Amino acid sequence: MKYCDIKDKSLAPKGKLRIEWADKQMPVLALIRERFEKEKPLKGIKMSCCLHVTTETANLMRTLKAGGADIVLCASNPLSTQDDVAASLVEDYGIPVFAIKGEDRDTYYSHLVSAIEHEPNITQDDGGDLVGLLHQNYSDTYLKNIIGGTEETTTGVIRLQSMEKEGALQFPVIAVNESATKHFFDNRYGTGQSTLDGLMRATNILICGKNFVVCGYGWCGKGLAMRAKGMGANVIVTEVDPVKAIEAAMDGFRVMKLEQAMPFADVIITVTGNLNVVDERHLVLAKDGVIIANSGHFNDEININALEKLSKSKRTVRDFVEEYTLDDGRKVYLLAEGRLLNLSAAEGHPAVVMDMSFANQALGAEYIVKNAGKMEKKVYVLPEEIDREIASIKLKSMGIEIDVLTEEQIKYLSSWKSGT
Ligand code: NAI
């Protein structure tokens, strides 16, 4: 087995500086790392991690290694790898990485296989590709070693929950995404800002004054709509859930069907976790020059096959910008091949947000070790105390103090709960 597969080891010095920069914004993870170094809660544990290879992930890897884990890292998306970070992890931190930005499908899967061949006791996944492949092709050989796994994102959690329902899930998995200190902040504020960052880096367009459609008003969509509005865009929300649609309307956004928005939309961004949200029936109505992108986990929210079919030609006009010319001459611009815009064309979430998400990942791994053998083959949420602990450390690092309940208030509230 190869030790690693990365683009270029000479990129390591740049990667190291960027990892250190991110570390300064990740005080919660730094505190956990300090404790892990002393207590070694992951000693003797092999971990295969399938995450976006970014500066923030590098600091999570350093934390797991400090805790005693023997880890390998592979990419959870072919376009999100930061090659300098991959190089630094290998060269400076002695952590094997299998990831190259822009890798083709076969290489992407061969990297997942390399991670599986590490024979992990714990998996860490972002989107469920590693766990999915393990269950499909490697169940006999490797599943027996696994005591549990963690999952980072909404789409991965949905995949795991359906595996659990079908009785197919073979080990317990902690849905890190479900921690309040993850999705309230990472999905909302992280995706909101970094998706706009990806849009601006890829296109350099002015956001204000644009008719800006956000498809999906979940955690990510709320963040994106809020930030686009803040920059002066005319934000329109599309939804399939009537409750979310009312929420968007009451938050001050125009809500309509995507077909109604198509003729005047300047920018359309999907964040739904669903399939063909922008489909052929929408593309035929597109305004000339519309920019379409996705920040949901998989690259199937925009029907790219339909776009290809409707187009007479296509060319790359800037990095991450593909210009499609439709039969009648209208142009449609697709960003980053429909893959996660914030991680493809920008650097993903700011480190300060990933600090909390990855604190959950690190404590999730520790929780699995502590509870090995006691957990069932189910999808779990981390206990509320861990959420509160992460939030308290984060507040402290921000210099914010909050009030604490008095004895009298604790008694008063518990009397309501117990009905006395
Ligand atoms: P969520 O479940 O909170 O929200 C998704 C929303 O999309 C729901 O309100 C749903 O009703 C709506 N929706 C579904 N189909 C739709 C359709 N055809 N048209 C319009 N709306 C539709 O999920 P969340 O947490 O917002 O995540 C969304 C996606 O983003 C997932 O794939 C998740 O894995 C991914 N994600 C991406 C991140 C990034 O860095 N780009 C960070 C976190 C999550």
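See above for the structure.
Residues numbered from 1 in each chain as written. Predicted model: local features only at pLDDT ≥ 70, side-chain atom pairs only at ≥ 80, totals over all residues. Heavy atoms only, no water.

Draft legend 1. Quick peek at unusual backbone geometry. Although it is not a glycine, K40 adopts a positive phi angle of roughly 45 degrees. Phi is positive for A336, close to 50 degrees, though the residue is something other than glycine. Take A336: it is sitting in the loop between β14 (331–335) and α15 (341–344). (Helix = DSSP H or I, 4+ residues; strand = E, 2+ residues; numbered from the N terminus.)

Draft legend 2. Representation of the packing of helix α16 (residues 351–370) against helix α17 (residues 384–397). The contact between α16 and α17 brings their axes to 10 Å, and the two run at 140 degrees. Of the possible angle classes, the one that applies to α16 and α17 is oblique. Every pair of crossing elements has a handedness; the one defined by α16 and α17 is right-handed. Between α16 and α17, the residues in contact are V352, D355, M356, A359, N360, L363 and Y367 and I386, D387, I390 and K394, respectively. Its residues placed into classes, the contact of α16 with α17 shows 7 nonpolar, 1 polar and 3 charged. (Axes fitted to C-alpha atoms, helices over the stretch in contact; angles between N-to-C directions. Parallel < 35°, antiparallel > 145°, perpendicular 65-115°, else oblique. Left-handed = near helix turned anticlockwise from the far one by under 90°. Contact = heavy atoms within 4.5 Å. Nonpolar A, V, L, I, M, F, W, Y, C, P; charged D, E, K, R; others polar.)

Draft legend 3. Highlighting the site of the ligand. Around the ligand, the surrounding shell holds 27 residues, and the nearest of these are T153, T154, T155, E239 and S295. At 2.7 Å from an oxygen atom of the ligand is found a side-chain nitrogen or oxygen belonging to T153. Burial of the ligand by the surrounding chains reaches 87%, relative to a free accessible area of 860 Å². Within the residue set of the shell around the ligand, elements represented by two or more residues are α8 (154–165), α9 (180–203), α10 (219–230) and α15. No other element matches α9, which puts 3 residues into the shell around the ligand. Counting the residues that make up the shell around the ligand, at least three belong to each of domain 1 (9–182 + 350–397) and domain 2 (188–344). (Near = heavy atom within 4 Å. Polar contact = N/O pair within 3.5 Å; in protein donor to acceptor, adjacent residues only side chain to side chain. Areas by Shrake-Rupley, 256 points an atom, 1.4 Å probe, with all protein chains shown as cover. Domains from an automatic or database assignment.)

Draft legend 4. Examining the nonpolar core more closely. Among the nonpolar cores identified, the biggest contains 50 residues, and M47, M61, L64, L89 and V97 are the most heavily contacted of them. Elements represented by at least two residues in this core include exactly α1 (12–24), α2 (27–39), β1 (46–51), α3 (55–66), β2 (70–75), α4 (83–91), α16 and α17. In terms of residue count, α16 provides more of this core than any other element does, 9 residues in total. Those residues within four positions of L64 in sequence are excluded, and the remaining contacts are L42, M47, C49, A69, I71, Q124, A362 and A365. If you look at the next biggest cluster of nonpolar residues, it comprises 27 residues, including Y217, A225, A228 and V321. (Core = buried A, V, L, I, M, F, W, Y, C linked by side-chain atoms within 4.5 Å. Buried < 20%, exposed > 50% of the residue type's maximum accessible area, 1.4 Å probe, protein only.)

Draft legend 5. Examining the pattern of salt bridges more closely. Enumeration according to the criterion identifies 24 salt bridges in this entry. R35 is the salt-bridge partner of E39, the closest N and O atoms lying 2.9 Å from each other. Here R35 and E39 lie together in helix α2, a separation of 4 residues that amounts to about one turn. Linking K314 and E308 is a salt bridge whose minimum nitrogen-to-oxygen distance equals 3.1 Å. Overall, K314 belongs to the partly exposed group, its relative accessible area being 44%. Exposure remark for E308: the relative accessible area of 35% places this residue in the partly exposed category. (Salt bridge = Lys/Arg side-chain N within 4 Å of Asp/Glu carboxyl O.)

Draft legend 6. View of the packing of α2 against α17. Running from N to C, α2 and α17 cross one another at 115 degrees; their axes reach a closest spacing of 9 Å. Where α2 crosses over α17, the handedness of that crossing is right-handed. Across from P27, V28 and L31 in α2, the residues of α17 making contact are I390, I393, K394 and S397. Grouping the amino acids of the contact of α2 with α17 by side-chain chemistry returns 5 nonpolar, 1 polar and 1 charged.

Draft legend 7. Spotlight on the pairing of strand β11 (residues 290–294). The buried count for β11 comes to 5 of 5 residues, which makes it a mostly enclosed element. Judged by which residues are buried, β11 turns out to be covered on both faces: V290, I292 and N294 on one side and I291 and A293 on the other are all buried. Bridging between β11 and β14 involves 3 bridges; their strand directions are parallel. Residue pairing across strands places V290 opposite V332, the latter belonging to β14. (Pairing = 2+ DSSP bridges.)

Draft legend 8. Representation of the sheet that holds strand β3 (residues 97–98). Read from one edge to the other, the open sheet built from 7 strands follows the order β3-β2-β1-β4-β5-β6-β15, with strand pairing classed as parallel. Bordering the open sheet on either side are β3 and β15 (379–380), each of which pairs with just one other strand. Here β1 runs beside strand β4 (residues 122–125); their pairing, made up of 4 bridges, is parallel. From the neighbouring strand, S48 faces β4, where its bridge partner is T123. Across the sheet, α3 is in contact with β1, β2 and β4; its angle to β1 comes to roughly 170 degrees.

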